[in-house]
Amino acid sequence: MEHLPLSLYLLFVLTALLTLILFFRAAGFSKGLISIFSLWLIIQSILSISGFYQVTNLMPPRFILLILLPIILIVITFLTKNGKNFIARLDIGKLTTLHIIRIPVELTLYWLFLHKAVPEVMTFEGRNFDILCGITAPLVYYFGYVKNVFNKKVLLAWNIICLLLLVNIVSTALLSAPFPTQQIAFSQPNIALLYFPFTLLPGLIVPIVLFSHLVSISKLID
């Protein structure tokens with residue numbers, strides 16, 4: 001991973017920061033939320049830099065902690081009273097604009113592929129079409145929440161489709177990682193996401209994107 005250009009690291013770090021800013025914006029820049037995410041970032045950064053996630057021969061893989069713990073927190077948020085109150089305060093229009101970060105995320109993945117750090121299957125040249133969500137997000141926001149041209153069914157359909165595309169790339173990333181469970185991309189496994197700062201993709205960006213879709217879907221169904 002030492003061969004990666006500094007500009008690639010910079011692109012990804014700025015993408016992660018933009019993700020946080022857009023999410024905090026949708027939440028009204030809650031101080032409690034900022035504190036929770038700051039603590040999570042510090043913990044995950046320390047673990048990543050120490051090489052904790054680079055140990056790949058264990059079952060279950062340590063990498064699962066990057067995804068499992070945020071998912072548990074998401075479930076708790078949807079099931080508890082305080083969590084539901086937090087969800088009620090979120091602006092789903094602003095959450096929709098958050099998905100523009102999927103454009104630089106996909107550019108990062110493609111750049112990592114060019115440097116042989118992730119397989120082609122994880123990029124838009126493979127079977128990852130997640131960039132379409134980022135491209136369409138500004139249009140969905142403008143016509144859905146500014147001009148009110150799109151009705152709830154259209155907005156719901158867009159969120160469901162983008163959620164499925166997210167599940168697709170997450171499953172591809174897991175199946176191509178060099179764990180005992182690896183099923184694809186043996187010639188070029190997904191190694192980049194085991195290293196800092198790219199661990200923040202599954203550990204921060206993906207959970208925020210997932211949560212944003214789930215919140216939007218739940219509010220549009222009500």
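Given the structure is predicted, the values throughout are model-derived calculations rather than measurements. (Residues numbered from 1 in each chain as written. Predicted model: local features only at pLDDT ≥ 70, side-chain atom pairs only at ≥ 80, totals over all residues. Heavy atoms only, no water.)

1. Let's talk about the overall build of the protein
What counts, and what does not: Helix numbers and strand numbers start at the N terminus; a helix is a DSSP run of H or I with at least 4 residues, a strand a run of E with at least 2. The globule rule used here is 2.2 Å times the number of residues to the 0.38 power, and the radius of gyration it is set against is calculated over C-alpha atoms. A 1.4 Å probe rolled over the protein chains alone gives each residue an accessible area, and that area as a share of the maximum for its type sets the label: buried under 20%, exposed over 50%, partly exposed in between.
A tally of regular secondary structure across the protein gives nine helices and zero strands. For the protein, the succession of helices and strands along the chain, N to C, is α-α-α-α-α-α-α-α-α. Over its C-alpha trace the protein gives a radius of gyration of 17 Å, about what one expects of a compact globule, namely 17 Å for 222 residues. By its C-alpha atoms, the protein is 45 × 35 × 30 Å across when sized along the principal axes. Looking at the protein as a whole, 45% of its 222 residues are labelled buried.

2. Topic: helix H8 (residues 152–175)
As a reminder of what qualifies: The span you would expect from a helix comes to 1.5 Å times its residue count less one. Note on definitions: a residue-residue contact is assigned when non-hydrogen atoms from the two residues lie within 4.5 Å. Each polar contact in these results corresponds to two N or O atoms within 3.5 Å; when the atoms are within protein, one needs to be able to donate a hydrogen and the other to accept it, and residues that are neighboring in sequence are counted only if both atoms are side-chain atoms.
Helix length check: H8 (24 residues) gives 34 Å between terminal C-alpha atoms against 34 Å at 1.5 Å per residue, within 8%. Taken together, the buried positions of H8 are occupied by Leu-155, Trp-158, Asn-159, Cys-162, Leu-163, Leu-165, Leu-166, Ile-169, Thr-172 and Ala-173. Of the surrounding elements, those touching the buried residues of H8 are helix H5 (92–98), helix H6 (102–114), helix H7 (131–146) and helix H9 (200–221). With a side-chain oxygen lying 3.1 Å from the backbone nitrogen of Lys-153, the N-terminal cap of H8 falls on Asn-151.

3. Let's talk about the nonpolar core
When a protein is soluble and globular, its nonpolar side chains tend to lie buried together. Inclusion rule: The nonpolar core is taken to be a set of buried Ala, Val, Leu, Ile, Met, Phe, Trp, Tyr and Cys residues, with the residues joined through side-chain atoms within 4.5 Å.
Counting residues in each nonpolar core, the largest one holds 60 residues, and the members touching the most others are Phe-23 and Leu-112. Beyond its immediate stretch of four places on either side in the chain, Phe-23 contacts Leu-33, Phe-37, Phe-86, Leu-95, Leu-98, Ile-208, Phe-211 and Ser-212.

4. A word on the packing of aromatic side chains
Short version of the rule: Two rings belonging to Phe, Tyr or Trp (six-membered ring only in the last case) form a pair when the distance between their centres is within 6.5 Å. Interplanar angles under 30 degrees mark stacking, angles over 60 mark edge-to-face geometry, and anything in between is tilted.
Inspection of every chain in the model, using the stated rule, returns 14 aromatic pairs. Among the aromatic residues, those joined into a cluster by ring pairs are Phe-23, Phe-24, Phe-37, Phe-78, Phe-86 and Phe-211.

5. What about helix H4 (residues 81–89)?
Because an α-helix completes one turn every 3.6 residues, residues spaced three or four positions apart along the sequence face the same direction. This is how the line gets drawn: In this description, one arc is meant: the one made by directions from the helix axis to the C-beta atoms.
Every buried residue of H4 is listed here: Gly-83, Phe-86 and Ile-87. Here the buried residues of H4 occupy an arc of 100° about the axis, which is enough to place them on one side. In H4, those exposed residues whose orientation departs by more than 90 degrees from the buried face are Lys-81, Asn-82, Ala-88 and Arg-89. In this structure, the buried side of H4 is in contact with helix H1 (6–26), helix H2 (31–49), helix H3 (64–79) and H9. Capping the start of H4, Thr-80 holds a side-chain oxygen 3.2 Å from the backbone nitrogen of Gly-83, two or three residues further along.

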